[in-house]
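# Structural features, examined
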Amino acid sequence: MGLFDKLKKLVSDDSNETSGIEIYAPLSGEIVAIEDVPDVVFAEKIVGDGIAIKPSGNKMVAPCDGTIGKIFETNHAFSIESDSGLEMFVHFGIDTVELKGEGFTRIAQEGQQVKKGDTIIEFDLALLETKAKSTLTPVVISNMDEVKELHKLSGAVTLAEDLVFRVKK
């Protein structure tokens, strides 16, 4: 259904509210099932449901319009609350907190209003591929109790251009 939705969106440009809340790729790469992330906290959806992305770029951007919540001190992860009230968490790689910020550069600030595609964090993918346990980057919705439907998309994505999921609250 994801491909059909994508094609339909390309053909008809009516952004009516019934299609739900659209969340775009916060980084470029390939979508991977959240269950395939080598970390039980994400794989078992303890922090929320979503997808993961095997990154191919060098920055993480806002997946929607909203407000930056927390940016971890080590700059490997951030939370954002969309203007529609979805709370999301983007966490680069697995065990990347152990790198103590190496390979990451913070661009945005906590509490900052952002638009879809605004850069939040830049990263050195080549360095991180050699030092991180995994570069798979979970993108999860942490307030799933407010979500009625979550349609996950798949395939290759370009940051701020391709949808990763569509949500109905």
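Refer to the structure presented above.
Residues numbered from 1 in each chain as written. Predicted model: local features only at pLDDT ≥ 70, side-chain atom pairs only at ≥ 80, totals over all residues. Heavy atoms only, no water.

Turning next to the overall build of the protein chain. Each helix and strand in the protein chain was counted, giving 3 helices and 14 strands. Long-range pairs, those at least 24 residues apart, make up 70% of the contacts in the protein chain with a sequence separation of at least 6. Put simply, the protein chain shows about 8200 Å² of open surface, and 50% of that area lies on carbon and sulfur atoms. (Helix = DSSP H or I, 4+ residues; strand = E, 2+ residues; numbered from the N terminus. Contact = heavy atoms within 4.5 Å. Areas by Shrake-Rupley, 256 points an atom, 1.4 Å probe, with all protein chains shown as cover.)

The next subject is the environment of Ile-53. Counting through the fold element by element, Ile-53 comes out in strand β3 (residues 49-55). In this structure, the C-alpha to C-alpha distance between Ile-53 and Ala-25, residues 28 residues apart in sequence, is 8.5 Å.

A few words now on the pattern of salt bridges. Charged atoms that come close allow side chains of opposite charge to pair. A full pass over the atoms with the stated rule returns 9 salt bridges. Lys-45 is the salt-bridge partner of Asp-49, the closest N and O atoms lying 3.8 Å from each other. Between Asp-95 and Lys-133 there is a salt bridge, with the nearest N and O atoms lying 3.9 Å from each other. Of this pair, Asp-95 sits in the loop between β7 (87-91) and β8 (104-106) while Lys-133 sits in the loop between α3 (125-131) and β11 (137-141); the two residues are 38 residues apart in sequence, bridging distant segments of the chain. (Salt bridge = Lys/Arg side-chain N within 4 Å of Asp/Glu carboxyl O.)

Turning next to the sheet that holds strand β14 (residues 163-168). Overall, antiparallel pairing links the 3 strands, which are arranged β1-β14-β12 in an open sheet. In the strand order of this sheet, the two ends are held by β1 (21-24) and β12 (149-152), each with one partner. The average undirected angle you get between the axes of adjacent strands in this sheet is 20°. Pairing analysis gives 4 bridges linking β1 to β14, with the strands arranged antiparallel. Paired with Ile-23 across the two strands is Phe-165, which belongs to β14. (Pairing = 2+ DSSP bridges. Axes fitted to C-alpha atoms, helices over the stretch in contact; angles between N-to-C directions.)

A contiguous patch of negative charge on the surface is contributed by Glu-81, Asp-83, Glu-87 and Asp-145. Looking at the element boundaries, Glu-87 is found in strand β7. (Patch = residues over 30% accessible without salt bridge, like charges linked within 9 Å, V, L, I, M, F, W, Y side chains within 5 Å. Lys, Arg positive; Asp, Glu negative; His and termini not counted. Charge placed at Lys NZ, Arg CZ, Asp CG, Glu CD.)

Attention now moves to unusual backbone geometry. If you check the backbone angles, Asn-75 has positive phi at about 60° while not being a glycine. Mapped onto the secondary structure, Asn-75 falls in the loop between β5 (66-71) and β6 (77-82). Since its relative accessible area comes to 12%, Asn-75 is described here as buried. Of note in this structure, Ala-160 is not a glycine but carries a positive phi near 65°. (Buried < 20%, exposed > 50% of the residue type's maximum accessible area, 1.4 Å probe, protein only.)

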